[in-house]
Structures are given as C-alpha cells and as structure tokens.
Amino acid sequence: MDKGMTRRSFLKTAAAGAAGVAAYGMMGSVAAAKAEEDTFDGRRKFAGVHNVRYIHDDLVYLGASDRRIELFENVYPIPRGVSYNSYLLLDEKTVLFDTVDRSVSGQFFENLAYALNGRKLDYFVINHMEPDHCSAISEVMVRYPEAKLIYSSAAAKIIEQFFGFDPKQYGYPVEEGMELATGRHKLIFVMAPMVHWPEVMMTYDATDKVLFSADAFGTFGALDGNLFADEVNFETEWLADARRYYCNIVGKYGSQVQAVLAKAATIDIQTICPLHGPIWRENLGWIIDKYDKWSRYEPEDEQGVMVVYGSVYGGTENAANIVASRLSEGGVRNVRVYDVSKTHVSELIGEAFRCSTIVLASITYNMDIFTPMKNLLTDLAAHNVQGRRVALIENGSWSPVAASLMEDRLAQMKDMKLIADPVTVRSTTNEESLAQLNALADQVLASVLGGVVIADAPVEEAAPEKWVCSVCGYVHEGPLPADYKCPLCGVGADKFVKA
C-alpha cells in the first residue's frame, strides 16, 4: 500500500464510490496488511456488538434498520423507517448476498465478521445495484479481497459507474439459469430486468428453496426485532406500507413483474428473502397474490372507493364529503376521503392501486386543474395506473374547466372509464348541485355494487402489436420505427423482438 495513504484514508476513499478508483489500483496489497490493520491495539476496529439472526442453520441475516431516515429515495415519507437486508450463506463456500445502505454499514460489518467467525468470504453476489444495497461493495472488497464478485451482465457498467473499477477483475457475470455449487447448496441465478432497475437479478437456492428476491416483496418499515412476516400482523400493520412500496417503486413495471412471477411459478419457493422488510416463510401465496394483482393493475378491493379533493375555501371539500356520505349510506363500506394538498402523493398512488373506483374533485385554478390535483394525475399516469372507474367533480366561481381538463388527462391513460356525468359546483353547493352530487353518487353506487358501467363503453379495438426489449424487458406497443430507442435502457430497435 502506498505509504502516503493511511488505512483510515484508504477505507474512506474506497467507500466513497467513484473516488475509490485510485484506491482500487492498490487492492492487491490490502490482504498482506489486513490482519494488522483490522485491529487497533489488539482490538477490533469497531467496538460494537453483532446483531444477527439465523434463518436456517447455515443462512444468516446480517441486515439492520434505520429509524432516523425521513424520506426513502429522498421522495417517499417513511415515518416507520426502513430495513436494509443482507444475507450470508455458510456452506463449504461462504456467500454474501448484497450489502446495506451506508447509514447502517457499521452494524453490517460487525454482523458479517461475527457470522464468518474467521472464515474467508468466497463469493459476493450482487442482486441489485441501487446504493441502498450496494454502498458497501468497495469496503467488502477491501476487507475480503479473495471474494469473487458475481453479478448480472447489465450490472457491470453500473458497478464501474459507481465504484470506478472493472468487476471482471474480481469475479464474473452470470446469465439466466446459470448455477453455482457451494457444497450442500446449489444457487441458480434468475434475471429480473426492470424490477425495478435493468440490472436486477434474483438468486434461488434450490437446496433449501429460498428466493433472494432483491427489491421484490419488500416494504417500507424498520424491523422491530421481528424478522419474519409471520411474527407480525402483516395485513393490519405492514400491508399499507408494502403496497405503497410496490406501487411507487415498482408499479410502473407491471409487465416485467408478471414475467418474473411466471418464472417463480415454475420453482418451489418456501422462503422469500427480500432486501427490505420481513422475510416470508409462511403463507407465501398471500403476498404473491398481492403482487399478481398489483402487477396486472387489478384493484385489490373491488368495492373500494377513494375520493380525492383539491379545495381552497371549502366548497369542493364539502362536495367531496357529500358524495362520500352518500356512498356510505348506499352500502359502500370502504370509502376513503383525501385532501390532495395534504396527503403525500405516494399514499394516493397506493390507494389508487387498492381501489376500483376514484372520485376526483378539483377547483379550477388559473383556468387549469388545481396544481396538486394536476400533479396527482401526472403521477397516476407515470405509475401506469389503469383500469379504474372514475367520476369527476369540478368547482369554479366564474369559469369552471377542471372536469374537462381532468377528462383529457384520463383519456391518455389506459382503460380509465368515466362512470358518472361530471358535476359542476359554482363556489358552494346549492340545491341544484346537491341533486347532481347525489345523482353522481348513485351512478358510482350502481357501478361499484352492481358492477355496472354507466358511461358508454369505448369500441373495442384490435390489440396493438407488442415489441419487447431483449435487454431490459420494456414493452413497446404498436409499430416499431427503425430509429426507435428504448426509453428505459436506450438500446436501438434491433434489440427488440416481437411478442
């Protein structure tokens, strides 16, 4: 090691990602100095204590939770925090699956050192290159330089972008179906592009029937000592966060999730180890069914109705509450009312995936849709929400236009059906608009409880031809121009195959 660089500055440089390019040139010298430099005055570098749990006799949970973080990906509020999961297989060969976010890396390395108990690390599998799972890659390689990196071909470029080294110098890429024997265990690699990055893969342990599922089947929320989903009341305490996590992080990529679920249906899975949230070892069909519905954009609750309003002085809010009350009186037992200005959009996206029916009530603002409502419609489209029944309410003191503009936005989304005549409120509700609101509620009731679509159904058109990107799995509908570029991974039309 360069005498001008101390151990402390070396580790700091390597862990910093791209700044570690120079440090990686000296990685070969780390092993010789490792025994001396991993201790200080005869003691371990870290003074902390391990916190591991065993999933099986030879499979160890190494992860940790962060309860201080307020925004996941600096976007989504997570008042319950989040866990970062990593796993270690202790077979004839040892295998590490992913790492953790930098915020909990100290605990992770304590856990890893304890679980290895002096053994070397043989393999280091990278299922997902998002930094909340890969930020410790460089330091793992510094501490365990003999470990062979295993990653998908699509991950190679991203590894180099983040850490400044060619991963082929330290391991090798794997493709769909390739196997790794570690002794008693046989690992099979399953590609999962765009669930939800193009390089994602999953690892299946064919011996103990364990699926290391990357971000799939994950959820927001720190682990409160309960590692397994069957140790908590998942449906009441975790499902809302699991849904919000899926819909906002992965929701756009339903067709890619369906492709992975089709692969999963061909193998015997008895344990699911995700990168966030509890591990599944019981009732796997229940959570898989949720993913199946969400990825097919089918409503989780056929009689669920969410009413979202954008109001300034209360008139539109009152109209929304009138409709919600009428729906409840008519027998709908799962009505939720949200203020679009106050409720984080990630919650509204989650509810849009849950509910079959959406009522949107917006004021006219600067001759446009109220800005938070317009942003919601943009996010609904961005997350590929489709196949919902919709009713519209607008308010305007002199020139209401919000309903027609919302209808234009909805027309750009797939299979969004208007089930009631739009209602216009002038400033505040009067007897005339009250009657119209009640009529709208009756139309929604007929649709929700009777399955009747009031508005004329669009004429069925022939299904468009579909082209699938062979790199990332993106599906393009319609004719494929010769100069077409994949909007997800950027490859040309020559990489697309007809579905």
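Refer to the structure printed above.
These figures come from a predicted structure and were not determined experimentally. (Residues numbered from 1 in each chain as written. Predicted model: local features only at pLDDT ≥ 70, side-chain atom pairs only at ≥ 80, totals over all residues. Heavy atoms only, no water.)

A. Structural detail: the overall build of the protein chain. Secondary structure assignment for the protein chain yields 16 helices and 27 strands. Evaluated residue by residue, the protein chain yields a buried proportion of 53% over its 499 residues. By sequence separation, contacts in the protein chain at least 24 residues apart represent 70% of the contacts at least 6 residues apart. Entry remark: accessible area of the protein chain is about 22,000 Å², with carbon and sulfur atoms responsible for 50%. (Helix = DSSP H or I, 4+ residues; strand = E, 2+ residues; numbered from the N terminus. Buried < 20%, exposed > 50% of the residue type's maximum accessible area, 1.4 Å probe, protein only. Contact = heavy atoms within 4.5 Å. Areas by Shrake-Rupley, 256 points an atom, 1.4 Å probe, with all protein chains shown as cover.)

B. Inspection of the nonpolar core at higher detail. Grouped together as the largest cluster of nonpolar side chains are 125 residues, with contacts concentrated most on L88 and L360. Looking at this core, the element that brings in the most residues is helix α9 (residues 239-250), giving 7 residues. Those residues within four positions of L88 in sequence are excluded, and the remaining contacts are D58, L59, V60, L62, V95, L96, L112, A115, L116 and L121. Core analysis: the next-biggest nonpolar cluster, separate from the first, contains 25 residues, V307, A319, A391 and V448 among them. (Core = buried A, V, L, I, M, F, W, Y, C linked by side-chain atoms within 4.5 Å.)

C. Local environment of the sheet that holds strand β17 (residues 210-212). The strand order across the open sheet built from 5 strands is β14-β15-β16-β17-β18, with neighbouring strands paired in mixed fashion. Strands with a single pairing partner mark the edges of an open sheet, and in this sheet they are β14 (179-181) and β18 (271-273). When strand polarity is set aside, the average angle formed by the axes of neighbouring strands in this sheet is 20°. As paired elements, strand β16 (residues 201-205) and β17 share 3 bridges and run antiparallel to each other. Each bridged residue has a counterpart across the sheet, and for Y204 the counterpart in β17 is L211. (Pairing = 2+ DSSP bridges. Axes fitted to C-alpha atoms, helices over the stretch in contact; angles between N-to-C directions.)

D. Looking closely at helix α7 (residues 155-163). Among all positions in α7, only A155, A156, I158, I159 and F163 are buried. All buried residues of α7 lie within an arc of 165° about the axis, which places them on one face of the element. Those residues of α7 that are exposed and aimed more than 90 degrees away from the buried face are K157 and Q161. G164 occupies a position one or two residues after α7 and carries a positive phi of about 75°. (Arc of directions from axis to C-beta.)

E. Structural context of the environment of Y172. Relative to the helices and strands, Y172 resides in strand β13 (residues 171-174). Note: C-alpha distance between Y172 and K148 (24 residues apart in sequence) is 7.6 Å. Ignoring sequence-local partners within four residues, the contact set of Y172 consists of Y123, K148, L149, I150, Y151 and L180.

F. Broad picture of the packing of aromatic side chains. Tallied over the entire structure, the rule returns 22 aromatic pairs. Seen in terms of ring centroids, Y297 and F353 are 5.9 Å apart; in terms of plane orientation they differ by 45°. Their pairing is tilted. Of the two residues, Y297 sits in the loop between α11 (284-295) and β19 (301-310) while F353 sits in helix α13 (residues 345-354), which places them 56 residues apart along the sequence. An aromatic cluster is built from F217, Y246, Y291, W294, Y297 and F353, whose rings are joined through pairwise contacts. (Phe/Tyr/Trp six-rings, centres within 6.5 Å; stacked < 30°, edge-to-face > 60°.)

G. Here's a closer look at the pattern of salt bridges. Counted by the stated rule, this structure contains 23 salt bridges. Salt-bridge contacts for K498 lead to E465; the nearest nitrogen and oxygen are separated by 3.2 Å. Of this pair, K498 sits in strand β27 (residues 496-498) while E465 sits in the loop between α16 (431-450) and β25 (466-469), and the two are 33 residues apart along the sequence. Given a relative accessible area of 52%, K498 falls into the exposed group. Taken together, the salt bridges that share partners define one network made up of R53, D230, E231 and R281. (Salt bridge = Lys/Arg side-chain N within 4 Å of Asp/Glu carboxyl O.)

H. Looking closely at the packing of helix α12 (residues 315-329) against α16. Running from amino to carboxyl end, α12 crosses α16 at an angle of 45°, the nearest separation of the two axes being 9 Å. It follows that α12 is oblique to α16 by the angle criterion. You can see that α12 and α16 cross each other, and the crossing is right-handed. Taking contact as the criterion, the partners of A319, I322, V323, R326 and L327 in α12 are, on α16, L434, L437, N438, L440, A441, D442, V444 and L445. A breakdown of the residues in the contact of α12 with α16 according to their chemical character gives 10 nonpolar, 1 polar and 2 charged. (Parallel < 35°, antiparallel > 145°, perpendicular 65-115°, else oblique. Left-handed = near helix turned anticlockwise from the far one by under 90°. Nonpolar A, V, L, I, M, F, W, Y, C, P; charged D, E, K, R; others polar.)

I. Layout of the pairing of strand β15 (residues 186-191). Within β15, 5 of the 6 residues are buried, which leaves the element mostly enclosed by the surrounding structure. Summarising the sheet, β14 and β15 pair through 3 bridges and their orientation is antiparallel. Directly across from E179, in β15, lies its bridge partner I188. The pairing of β15 with β16 spans 5 bridges and is classified as antiparallel.

J. The side chain of D58, seen in detail. Along the chain, D58 falls in the loop between β3 (53-56) and β4 (59-61). For D58, a relative accessible area of 12% gives the class buried. Setting aside residues up to four positions removed in sequence, D58 forms contacts with L88, L89, L90, R184, H185 and D208.

K. Quick look at the pairing of strand β22 (residues 389-395). Among the 7 residues of β22, 7 are classified as buried, and the element is accordingly described as predominantly covered. Chirality of the crossover, the property in question, places the unit of strand β21 (residues 355-363), helix α14 (residues 371-382) and β22 among those that are right-handed. Direction of pairing for β22 relative to strand β23 (residues 417-418): parallel, over a ladder of 2 bridges. Looking across to β23, one finds that V390 is bridged to L418. A crossover links β22 with its parallel partner β23, the connecting element being helix α15 (residues 402-411), and its sense is right-handed. When β22 meets strand β24 (residues 423-425), the two strands line up parallel, connected through 3 bridges. Residue I393 lies in a different strand from β24, and its bridge partner there is V423. (Right-handed = clockwise from strand over helix to strand, strands pointing away.)

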